[in-house]
Amino acid sequence: TAGNKIFHFGPCRISMSMTEIRSSFTAIKANIQARDPIRTLSILSHPHSLHKVKSSDRCCITHHLFNFYVDKVFKHCKTEDSYVNRKISSIANSFLSVKRKLEQCHKQNKCMCGQESAEKFKQILANYEGLNVIAAAIKSLGELDILLNWME
Amino acid sequence: GDALLPAPQNISILSTNMKHFLTWSPVIVQGETVRYSVEFQGEYEREYANESWIPICECSLITATVCNITEDISATVAYNLRVRADVGARRSEWGALKGFFNRITTSLTPPLMKVIADGYHLLVELEDMGPAFQFCVLYWKKGQESRMQQKVVKEVSSAVHLDTMEAGPDYCVKAQTYVEAINRNSSFSQTQCVRAQGGRSVWL
């Protein structure tokens, strides 16, 4: 349906309200990206795009990224705009719901981590920690559609 | 001095078909207009954002005792909700919803449905209930319930063609909704039967 999407990462099967996440992000994308002055850098796509990740590593890198956004990114994105904050909350709570499901897969050994996903995620963290925390969080949030497009 | 303004009481949720409303009893202050403000807190805010609360601006300083929280309850996690009252410079404590609200508990009603015999074609029109809703439509020849057929309708735009009917027997249809975000179905609608007769619709 236009509502939910089922993602199959090998044996790991995740249902996700992609439409709700996308509509919340679309509503604030311009506002968030306008707060990101550093247009030449990317957190998720530097030096290589997510599309380079092998399919066998897709579940693990997705798990890492949902943890990254929930644990590190959203909390540093509070703005003075109540509407933007509400949309960030919608995305964050949806991400938390998916993160839980990925954790289940991981515990059941359905979301194995290879060398490549570890390397890719290490690069993403290095990109993130290369900026001050607010700038890095805002930039990461502004790149959410890169993650969503790659997942779809 | 000014008596403390009582916090709103009887705070509850009305949630049907993924539309969620927070309601409460009015705070009565003779000769004064009482205004209310609503805030919510998702599981994310509780566990990762210092238990912060987020105001709903459409329900800030309102006089109504109901707030549409549908847009903010957009994840299948446990939410806290609270309301407070204001009269002039006086402000009450927060009144909180007892327990959490998770949209998984929304009540799902059977869909409104209209079955049409258009000549020999069996059609069904379904109520548009929003993007979260799919429909499971069952149809069969009366008396042949064991040979019931199913059609899943993911998006409602126009009448859905179910089958090409033979002249004579009655064809019966019933439908239920399915919401994938919470993985739940409604109960089935009333069964409706029609019969094809050379292009004239006949209601039974």
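Residues numbered from 1 in each chain as written. Chains lettered and ligands numbered in written order. Predicted model: local features only at pLDDT ≥ 70, side-chain atom pairs only at ≥ 80, totals over all residues. Heavy atoms only, no water.

- Chain A appears in an unreviewed UniProt entry as Interleukin family protein from Fregetta grallaria.
- Chain A has a UniProt comment under Subcellular location (unreviewed entry) that states "Secreted".
- Its UniProt record gives chain A the following Sequence similarities (unreviewed entry) comment, quoted word for word: "Belongs to the IL-10 family." (UniProt positions renumbered as here; feature names shortened; annotations may be inferred.)

## Looking at the environment of Thr63(B)
Residue and element names in this part refer to chain B.
In step 1: Mapped onto the secondary structure, Thr63 falls in the loop between β4 (54–55) and β5 (66–68).
In step 2: Counting along the chain gives 22 residues from Thr63 to Ala85, while the straight-line C-alpha distance between them is 9.4 Å.
In step 3: Setting aside chain neighbours within four positions, we find Thr63 in contact with Thr33, Val34, Arg35 and Tyr36. (Helix = DSSP H or I, 4+ residues; strand = E, 2+ residues; numbered from the N terminus. Contact = heavy atoms within 4.5 Å.)

## Brief notes about the sheet that holds strand β1 (residues 12–16) of chain B
Residue and element names in this part refer to chain B.
In step 1: Strand order in this open sheet of three strands is β1-β2-β5, and the pairing throughout is antiparallel. In this open sheet, the two edge strands, each paired with only one partner strand, are β1 and β5. Sheet twist, expressed as the average angle between the axes of neighbouring strands with direction ignored, equals 25°.
In step 2: Examined bridge by bridge, strand β2 (residues 19–23) and β5 share three bridges and lie antiparallel to one another. Bridged to Thr23 within β5 is Val66. (Pairing = 2+ DSSP bridges. Axes fitted to C-alpha atoms, helices over the stretch in contact; angles between N-to-C directions.)

## Brief notes about the sheet that holds strand β13 (residues 160–164) of chain B
All names here are of chain B.
In step 1: The sheet built from three strands is open, its strands ordered β9-β10-β13 with antiparallel pairing. Because the sheet does not close on itself, it has two edges, and the strands there are β9 (113–118) and β13. On average, each strand axis in the sheet is tilted by 25° relative to the strand beside it, whichever way the strands run.
In step 2: Two elements, strand β10 (residues 121–126) and β13, share four bridges in a ladder whose sense is antiparallel. Bridged to Leu122 within β13 is Asp163.

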